[in-house]
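As a plain string of letters, each chain reads:
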Amino acid sequence: MKLVFATNNKHKLDEVRKITSHHPVEIVSLAEINCFDDIPETADTLEGNALQKAHYIQKKFGLNCFADDTGLEVEALNNAPGVYSARYAGPGHDSEANMKKLLHEMEGKENRKARFRTVIALVWNGKTYTFEGIVNGTITTAKRGENGFGYDPIFIPEGYDQTFAELGDNIKNQISHRAKAVEKLDEFLTQLSDLK
């Protein structure tokens, strides 16, 4: 049984396949179903974007599908950049520009609290489900570390003194917002009678 993950991000795909490997369900990417569409993400919430992507694939291909959306929410910036995290500094998904803008906005602010939030939307046999993963932490005053992507060099997860970019993938994939959301999806799939 196939379940489409509405992504072509190999890093995300590998992470999800590892967590769900004990199921008879096969996680496939958009490329594997020959979908090369520019799927719209025009909602103003993470939940809305994830649902939009999952429903788009389900309607077009008739396959069970899940999609995710992630945002960095900074308390002192009224939870910005949030749903606009990938394009905070403008169109083009420029991570360097996004971090530079965020650090500039945070100058002089004592409250450095932030959180990463991932929402997964699953469309399974006509029904819709959502799963959320959150990791709390703080924003640094400068970039640190060479690993990871996005805002990883400026985010220190709670309970650690290194950024995601310093901790590396092994630790990040155990404690991250996406890992937590995928674990909830995994638990749900385990309970499905369709898979037994």
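Source: prediction; values computed, not measured. (Residues numbered from 1 in each chain as written. Predicted model: local features only at pLDDT ≥ 70, side-chain atom pairs only at ≥ 80, totals over all residues. Heavy atoms only, no water.)

### A closer look at the overall build of the chain
Part 1 of the reasoning: Within the chain one finds six helices and seven strands.
Part 2 of the reasoning: A globule of 196 residues ought to have a C-alpha radius of gyration of about 16 Å, and the chain, at 17 Å, matches this closely.
Part 3 of the reasoning: Overall size of the chain, expressed as C-alpha extent along the three principal axes, is 55 × 30 × 25 Å.
Part 4 of the reasoning: For the chain, buried positions account for 46% of its 196 residues.
Part 5 of the reasoning: With the model as given, the accessible surface of the chain reaches about 9,900 Å², and the carbon-plus-sulfur share is 46%. (Helix = DSSP H or I, 4+ residues; strand = E, 2+ residues; numbered from the N terminus. Rg over C-alpha atoms; globule rule 2.2 N^0.38 Å. Buried < 20%, exposed > 50% of the residue type's maximum accessible area, 1.4 Å probe, protein only. Areas by Shrake-Rupley, 256 points an atom, 1.4 Å probe, with all protein chains shown as cover.)

### Things to note about the pairing of strand S6 (residues 127-139)
Residues in a regular strand project their side chains so that they alternate between the two faces of the sheet.
Part 1 of the reasoning: Pairing analysis gives 12 bridges linking strand S5 (residues 113-124) to S6, with the strands arranged antiparallel. Note on S6: the bridge partner recorded for Arg 117 is Ile 134. (Pairing = 2+ DSSP bridges.)

### Focus on the pattern of salt bridges
Part 1 of the reasoning: Tallying each qualifying case throughout the model produces 14 salt bridges.
Part 2 of the reasoning: In this structure, Glu 73 engages Arg 117 in a salt bridge whose closest nitrogen and oxygen atoms are separated by 3.1 Å. Pair noted here: Glu 73 is in strand S3 (residues 65-74) and Arg 117 is in strand S5, with a separation of 44 residues, a long-range link. Of the two residues, Glu 73 and Arg 117, neither departs from the other in class, the shared state being buried. (Salt bridge = Lys/Arg side-chain N within 4 Å of Asp/Glu carboxyl O.)

### Considering the nonpolar core
Part 1 of the reasoning: Ranked by internal contacts, the top residues of the largest apolar core, which has 18 residues, are Leu 72, Val 74, Leu 102, Ile 139, Tyr 151 and Phe 155.
Part 2 of the reasoning: Residue assignment for this core shows that the elements contributing at least two residues are S3, helix H3 (95-105), S5, S6 and helix H4 (164-167).
Part 3 of the reasoning: The element that contributes the greatest number of residues to this core is H3, accounting for three residues.
Part 4 of the reasoning: With 17 residues, the next largest nonpolar core counts Phe 5, Phe 66, Leu 122 and Phe 131 among its residues. (Core = buried A, V, L, I, M, F, W, Y, C linked by side-chain atoms within 4.5 Å.)

### Here we look at the side chain of Asp 152
Part 1 of the reasoning: On the secondary structure map, Asp 152 appears in the loop between S6 and strand S7 (155-157).
Part 2 of the reasoning: Residues in contact with Asp 152, not counting those within four places in the same chain, are Phe 116, Asn 147, Thr 163, Phe 164, Ala 165 and Lys 172. (Contact = heavy atoms within 4.5 Å.)

### Topic: the environment of Cys 35
Part 1 of the reasoning: Tracing the backbone shows Cys 35 in the loop between strand S2 (26-28) and helix H2 (46-61).
Part 2 of the reasoning: Exposure remark for Cys 35: the relative accessible area of 1% places this residue in the buried category.
Part 3 of the reasoning: Cys 35 sits 136 residues away from Ile 171 along the chain, and the two C-alpha atoms are 32 Å apart.
Part 4 of the reasoning: Every residue in contact with Cys 35, bar those within four places of it in the chain, is listed here: Asn 8, Leu 30, Ile 57 and Phe 61.

### Here's the deal with the layout of surface pockets
Part 1 of the reasoning: For the largest pocket, the calculated volume is near 910 Å³.
Part 2 of the reasoning: Around the largest pocket, the lining is made up of 37 residues, and of these Lys 12, Asp 69, Thr 70, Ala 86 and His 93 lie nearest the centre.
Part 3 of the reasoning: Element by element, the count of residues in the lining of the largest pocket is highest for S3, at five residues.
Part 4 of the reasoning: Residues of the lining of the largest pocket, tallied by class, amount to 12 nonpolar, 13 polar and 12 charged. (1 Å grid on protein atoms, 1.4 Å probe; cavity = no way out; pocket = protein on both sides within 12 Å on 5 of 7 lines; lining within 4 Å. Points joined across faces, edges and corners; volume = space filled by probe spheres on them. Nonpolar A, V, L, I, M, F, W, Y, C, P; charged D, E, K, R; others polar.)

### Regarding the UniProt feature "binding site: Mg(2+)" (unreviewed entry) in the chain
Part 1 of the reasoning: As annotated in UniProt, the feature "binding site: Mg(2+)" (unreviewed entry) corresponds to Asp 69 in the numbering used here.
Part 2 of the reasoning: Setting aside residues no more than four positions away along its own chain, Asp 69 makes contact with Glu 41, Thr 45, Leu 46, Asn 49, Ala 50, Val 83, Arg 117, Thr 118 and Val 119.
Part 3 of the reasoning: A polar atom in the side chain of Asp 69 sits 3.0 Å from the side chain of Asn 49. (UniProt positions renumbered as here; feature names shortened; annotations may be inferred. Polar contact = N/O pair within 3.5 Å; in protein donor to acceptor, adjacent residues only side chain to side chain.)

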